[in-house]
Amino acid sequence: MVTKKVIESLYKMCKNRPESPDDLDIALLFEDVADKHALMLDEGYLTINSLPPDNPFHRIALKRIHGIINFEEDVAIALHSSIIFLSKKDSRVNIHIKQQKPSFMDRIRYSLSKGE
């Protein structure tokens, strides 16, 4: 089961992109989820056809992928600030988008605005 703690550890584990897309475990995608999600690999892009074409995660440049991780029921594709979970059982796709923490200046502005 993918929990908040697991997601946080994925972001830490996949903090940096590999030197080359060839270092990604792309075979993992085609072993478990390619047929259910109609995955296509062409010209340095991964296309997830179980997502509509207007979805920003429909087509992803391989050079943007930080890691591909196998789970019991899903395969995760880790990007810089999001993780795409492709179900092994059906065409379900879950996407986690990392929340950006407020900057130091944002926190100061907020605390000053509360005092008014």
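Quick caveat, the model's predicted, so the values are computed rather than measured. (Residues numbered from 1 in each chain as written. Predicted model: local features only at pLDDT ≥ 70, side-chain atom pairs only at ≥ 80, totals over all residues. Heavy atoms only, no water.)

Participant: Looking at this model, I keep getting lost on the pairing of strand β4 (residues 67-70). Mind explaining?
Facilitator: Successive side chains on a regular strand alternate, one facing one side of the sheet and the next facing the other. Bridge count between β4 and strand β5 (residues 74-78): 4 bridges; the pairing is antiparallel. Residue pairing in the sheet places Asn70 in a bridge with Val75 of β5. (Pairing = 2+ DSSP bridges. Helix = DSSP H or I, 4+ residues; strand = E, 2+ residues; numbered from the N terminus.)

Participant: Would you take a moment to explain a positive patch on the surface for this structure?
Facilitator: Residues Lys12, Lys15, Lys98 and Lys101 make up a contiguous surface patch of positive charge. Note that Lys98 resides in the loop between β7 (93-97) and α4 (104-115). On the accessibility criterion, Lys98 (37% relative accessible area) is partly exposed. (Patch = residues over 30% accessible without salt bridge, like charges linked within 9 Å, V, L, I, M, F, W, Y side chains within 5 Å. Areas by Shrake-Rupley, 256 points an atom, 1.4 Å probe, with all protein chains shown as cover. Salt bridge = Lys/Arg side-chain N within 4 Å of Asp/Glu carboxyl O. Lys, Arg positive; Asp, Glu negative; His and termini not counted. Charge placed at Lys NZ, Arg CZ, Asp CG, Glu CD. Buried < 20%, exposed > 50% of the residue type's maximum accessible area, 1.4 Å probe, protein only.)

Participant: Explain the nonpolar core to me, please; I cannot follow it from the model alone.
Facilitator: Note that soluble globular proteins tend to have their nonpolar side chains buried in a common cluster. Counting residues in each nonpolar core, the largest one holds 20 residues, and the members touching the most others are Leu29, Ile65 and Ile77. Elements represented by at least two residues in this core include exactly α2 (26-32), β5 and β6 (82-87). The leading source of residues in this core is α2, at 3 residues. When neighbours within four sequence positions are excluded, Ile65 is seen to be in contact with Arg17, Pro18, Leu24, Leu46, Ile60, Ile77, Ala78 and Leu79. Among the nonpolar cores identified, the runner-up in size contains 10 residues, and Tyr11, Ile69, Ala76 and Ile83 belong to it. (Core = buried A, V, L, I, M, F, W, Y, C linked by side-chain atoms within 4.5 Å. Contact = heavy atoms within 4.5 Å.)

Participant: For this particular structure, what's the right way to read the pattern of salt bridges?
Facilitator: Charged atoms that come close allow side chains of opposite charge to pair. According to the stated counting rule, one finds 6 salt bridges in the structure shown. Between Lys36 and Asp35 there is a salt bridge whose closest N-O contact spans 4.0 Å. Of the residues examined, Asp35 reaches a relative accessible area of 63% and is grouped as exposed. When the shortest N-O distance is used, the salt bridge between Arg92 and Asp90 registers 3.3 Å. Given a relative accessible area of 33%, Asp90 falls into the partly exposed group.

Participant: Looking at this structure, I do not really get the sheet that holds β7. What am I missing?
Facilitator: Sheets are built from strands paired through backbone hydrogen bonds, the pairs being either parallel or antiparallel. Judged by pairing direction, the sheet is antiparallel, and its 4 strands sit side by side in the order β4-β5-β6-β7 without closing on themselves. The open sheet is flanked by β4 and β7, the only strands paired with a single partner. Here the average twist between neighbouring strands, direction ignored, is 20 degrees. Across 5 bridges, β5 lies against β6 in antiparallel orientation. (Axes fitted to C-alpha atoms, helices over the stretch in contact; angles between N-to-C directions.)

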